[in-house]
Amino acid sequence: MIQDQVRVTHRWNLITTLCALVAVCVASAASDRLHAQDLPRLEQQAMQAAVARVAPSIVRIETVGGLERIGKVLLGTGPTTGLIVSADGYIISSAFNFAQKPSSILVGLSDGTRTPAKLVATDHQRMLVLLKIHVEENLPVPEAVPENEMQVGQWSIAVGRTFEGGQPNMSAGIVSGLNRIWGKAIQTDAKVSPANYGGPLVDIRGRVLGVLVPLSPQATNDLAGVEWYDSGIGFAVPLAHINSVLPRLKEGTDLKPGILGVSFNGNDLYGKQPIIASCRPNSPAYKAGLKAGDRIAEIDGQVTDRQAQLRQAINRRYAGDTLKVVVMRDKERIERDIALVDQLEPFHRPFLGILPKRDTPADPAGVVVRFIYPESPAAKAGLLPGDRITSVDGKAVANLAALVESANAWDLDQPVKLEADRAGEKLTLEIKPVAEVSAVPGELPAVDPVTAPAGERPQVGRIDAKLPEFKNECIAYVPDSYNPQASYGLVVWLHPPGGTKEEELLARWKEACDKHRLILLAPRSADPAKWLPPEVDFIAKAIAQIRETYNIDAQRVVIVGYQGGGSLAFAVAFAHRDVVHGVAAIDAPILGKPPENEPVHRLAFFITTAKKANFADQIKGGIEGLKQMKYSVTTRDQGDAARQLNDEEFAELVRWIDSLDKI
Amino acid sequence: MQTLLKCFLTARPKIIPFRLLAMMATLAFCLVANSNSATASLRQVIAQTQPKIVKIYGAGGFQGLEAYQSGMLISAEGHVLTVWSYVLDTDEILVVLDDGRKFKAKLMGADPRSELAVLKIEADDLAHFDLPAAVQAESGARVLAFSNLFGVATGDEPASVQHGHVAVKSQLEARRGVFDTTYKGAVYILDAMTNNPGAAGGALTNGEGQLLGMLGKELKNSLNNTWVNYAIPVDQITKTVDDIRTGKFVRQTADELEKKPEKALNLELLGMVLVPDVLERTPPFVDAVRADSPAAAAGLRADDLVLFVNDRLVQSCKAMISELEFIDRIDPVKITVIRDQDLVDVNLSAPAEKK
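Residues numbered from 1 in each chain as written. Chains lettered and ligands numbered in written order. Predicted model: local features only at pLDDT ≥ 70, side-chain atom pairs only at ≥ 80, totals over all residues. Heavy atoms only, no water.

K.L.:
Please set out the confidence of the model for chain B residue by residue, giving values where relevant.
P.N.:
Close inspection of predicted coordinates is inappropriate for parts of the model with low pLDDT. Residue and element names in this part refer to chain B. Averaged over every residue, the pLDDT of chain B is 83; the share at 70 or more is 83%. Segment residues 1–21 is flagged for pLDDT under 50; beyond a separation of four residues in sequence, or across chains, it makes 16 contacts in the model. Contacts from residues 23–35, a stretch scored under 50 in pLDDT, to residues over four places away or in other chains number 18 contacts. Interface scoring of the predicted complex returns ipTM 0.71; its pTM is 0.68. (pLDDT = per-residue confidence, 0-100. Contact = heavy atoms within 4.5 Å.)

K.L.:
Just give me the short version of the packing of aromatic side chains, but keep the residues and values in it.
P.N.:
Residue and element names in this part refer to chain A. Under the defined criterion, the tally for this structure stands at 13 aromatic pairs over all chains. Centre to centre, the rings of Tyr-482 and Tyr-488 are 4.9 Å apart; their planes meet at 45°, and the pair counts as tilted. Look at Tyr-482 and you get buried, because its relative accessible area is 1%. What links up through ring pairs into an aromatic cluster is the set Phe-570, Phe-574, Phe-605 and Tyr-631. One residue, Lys-132, lies across the ring of Tyr-90, its end atom 5.3 Å from the ring centre. The ring of Tyr-488 carries the charged tip of Arg-517 above its face, separated from the ring centre by 5.9 Å. (Phe/Tyr/Trp six-rings, centres within 6.5 Å; stacked < 30°, edge-to-face > 60°. Buried < 20%, exposed > 50% of the residue type's maximum accessible area, 1.4 Å probe, protein only. Lys NZ or Arg CZ within 6 Å of the ring centre and 35° of its normal.)

K.L.:
Tell me about the nonpolar core, and please be specific about residues and values.
P.N.:
Residues and elements named next belong to chain A. With 51 residues, the main nonpolar core has Ile-92, Val-107, Leu-131, Ile-133 and Ile-157 as its most contacted residues. In this structure, Ile-133 is in contact with Asp-88, Gly-89, Ile-91, Val-107, Leu-109, Thr-115, Pro-116, Ala-117 and Leu-139, ignoring residues within four places of it in sequence. Formed by 46 residues, the second largest nonpolar core is a distinct cluster that contains Ile-463, Ile-543, Phe-570 and Leu-603. (Core = buried A, V, L, I, M, F, W, Y, C linked by side-chain atoms within 4.5 Å.)

K.L.:
Describe in detail the sheet that holds strand β35 (residues 604–609) of chain A, supporting the description with residues and values.
P.N.:
All names here are of chain A. A sheet is described by the order of its strands in space; here eight strands give the open sequence β29-β30-β32-β31-β33-β34-β35-β36, paired in mixed fashion. Since the sheet does not close on itself, it has two edges, and those belong to β29 (461–466) and β36 (632–637), each with one partner. The mean inter-strand angle of the sheet, taken between neighbouring strand axes irrespective of direction, is 20°. Here β35 runs beside β36; their pairing, made up of six bridges, is parallel. Counted as the bridge partner of Phe-605 is Val-633 from β36. Strand contacts of helix α8 (residues 502–516): β29, β30 (473–478), β31 (488–494), β32 (518–523) and β33 (552–562), with the helix running at about 155° to β32, the strand carrying the most contacts. (Pairing = 2+ DSSP bridges. Helix = DSSP H or I, 4+ residues; strand = E, 2+ residues; numbered from the N terminus. Axes fitted to C-alpha atoms, helices over the stretch in contact; angles between N-to-C directions.)

K.L.:
An account of unusual backbone geometry is needed here, citing residue identities and associated values.
P.N.:
Residues and elements named next belong to chain A. The amide bond that connects Asp-363 to the next residue, Pro-364, takes the cis arrangement and shows omega of 0°. Looking at the element boundaries, Pro-364 is found in the loop between β22 (354–356) and β23 (367–372). The backbone of Asp-330 sits at a positive phi, close to 55°, despite the residue not being glycine. The residue Asp-330 is located in the loop between β19 (322–329) and β20 (332–339) in this model. With relative accessibility at 76%, the residue Asp-330 sits in the exposed group.

Put into structure tokens, the structure is as follows:
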């Protein structure tokens, strides 16, 4: 009995324990089930709540008047989005929305009321605009997420207000990256497009991460980055940053990218240390006393081991901002506070009057003079063809590349000290550079002939070339005597509308190619009737392929074009100035906006004019513009009617190509 | 949990009734199974929905026109809802089910206005959507899109599934010429790239697999040159589908939708002169107002910039003139102008026509 009693008690205890256990398990099972099954629903509710929270601060923007298209991009006229950033009526939006320069702007608030707005200021660095509307009551200002709280992988919801009915439109994604586009933007995989440019990217709590804008790592115009719309890569400028520059924008100050005024050699942003190749005269760097050869070690305390880090540090700053720059000059550490500017004085390329010999042996070191420009500083100083330049300003010059590199940093007012060897005799000369001349010498010494090597070499003669990813075809001509030991100039011929007959083309160029060591590349437009701007890409790739196969002198890659082909030649050169160093445009107006003239990426022009040319005024205007930017522009007047080059003009063109590497 | 169970078993091995043990075991199983139930239910939803989607093959196949599209079963006996398109413009419409069965389909009817068509195949006991049971979704709702985009599924391969959210519930209509479609009603705008070649006619469901709408065609928004991904809500088309199924449907052509009146309003009648239309998009500034005209009476002035005509935004002189062409001259018109940064509304009517 007692036993039983105990047993019962035991059992009772057991049941109690079990019940408790079951209760715990059931509870945990229930919460687990709740957790798992309701997660999607809870997430959805959270997103909807986030959008609802920010919605009152999102406005719809409509514009009237303005341009229909910019370049090849047809501009939308649809409504776009803006975000209220201060209660007294300031609204931030994407500059994309105003690229068409509208004559009137209307802002529709979340309650549907429409109010006229004024454009107060533009941030050209981050492609934003600030608008102002008149308000009677305070507007709701959204909360910004502090930049240090943002994390890759967190929810991000892109919100616009552009669809009929005026309800906010949302797209969900996550933060894909931070500090993108040289430290300027948050990256998201939410769908970002004209449907929400100017609207906020919000977190799951409805706080604003940033303002959606199209951005591109390369281009900087109003429309750059639009081609990536809805593609899983979108950008937003952090609202925290916008708030920090808001006072400046409210004053009506346009914010522009800041420029330091230094150039570097090479295009290897990630491999190379930022050693200054040249300081532009009168630039902030120049005024602060920075010199070619200095290595920029820190910007605002941030170490800059690579050119890319330097670019990241500078590209996020505005003109007017002051940087603390540390440079190393040999072992010496130099610190300077440097204020950035928005524009540099145009660069005037220094010129001594020397045409160097190419492909000279490495030993003896130095640069052999091929030709001296009459009346040039070099001629006046007594330098002669055949002299071998061995040092500049006390530094040995190993080869032509080294001389070009040091020439990039010369000042127009500062004499250059040259040492040269004349048949074993050592000369020391001081020569003051002048601004580059554009006249082409009447006669040049012949290019040293070469003979075909015995061994293997790439295909020569007339060649068919095709790039797999393009419809376009190309032909090329490589001299039969091609020798990979010698470097060749590359002439890219862009035909006029309707094309050029192959026989005519080869008849024109074959002899010049053979005599002057040139390779001819003649791409064809996909539509024989005209070139289209996207074909710029194809031409650049065709050039790259030729450069891979043959020994091309980087200094003498030129594009020659007639009419439409000439216009496209400008566009190719402007987009690929690291590759193209000369444009010869025959009866063709400029296409595109010329980049600034600068030391490292040399670019020269040969342009024909004619009184009765179809685009006589545009051609003239283009020449003026290039000259103002201090480019070397060689002009050739064809008299009344425009036409293809005659023999004499063609000979001048070939001499121009042959003298592009003058110093 | 496991540790607890273990202690229990070692401590009191003899006195655990079998039933309790079984209970514990079930409980343990429940816990394990539960941790994965969200994905499991998504898998179930997709598995249950895919058989309701069909692949449709018809005319096309040249000049960049695909010869296929998607559709959904809406009855057990083989009614198929899809979009009206050139693909159906043939006597040989082929419907391929999820299990690979092929049927020649009959076109029961089509409504170009709502861009839908109903096909019929001879089959029974088919998994299908029940249109009256369709639900609605709000902005931000998670959705699944089922379609045979790019014709990637063939034979017995099931349709593709994409996921996304309702970006917003809106109208396609907006302004004239914005969308190249005859459908002008409500739509779900989606934040996923759902409207691809071949996807039109597919189904949009919520996360539970309940039908929300039918995926539309590829459509470009001419206002901002972007592609729009959208679906037509079921409630917008249920009646038309029923009418087609019951043979009551009377076909309307798209042209009947928006007719210009025979005698339309124009600037001359209102007494307004706009600035010379010299640009591609000249802002519609008032150049002059004729004395004794409706415009003068309403107080319009030179240099007013017209923004809206009957609340429709007019962004250029051309747009203003063409907007008036849609207004009958006997109807009053509301014009909104901007003057010294203020919006001013005026109502005016053309003078009565002289007989």
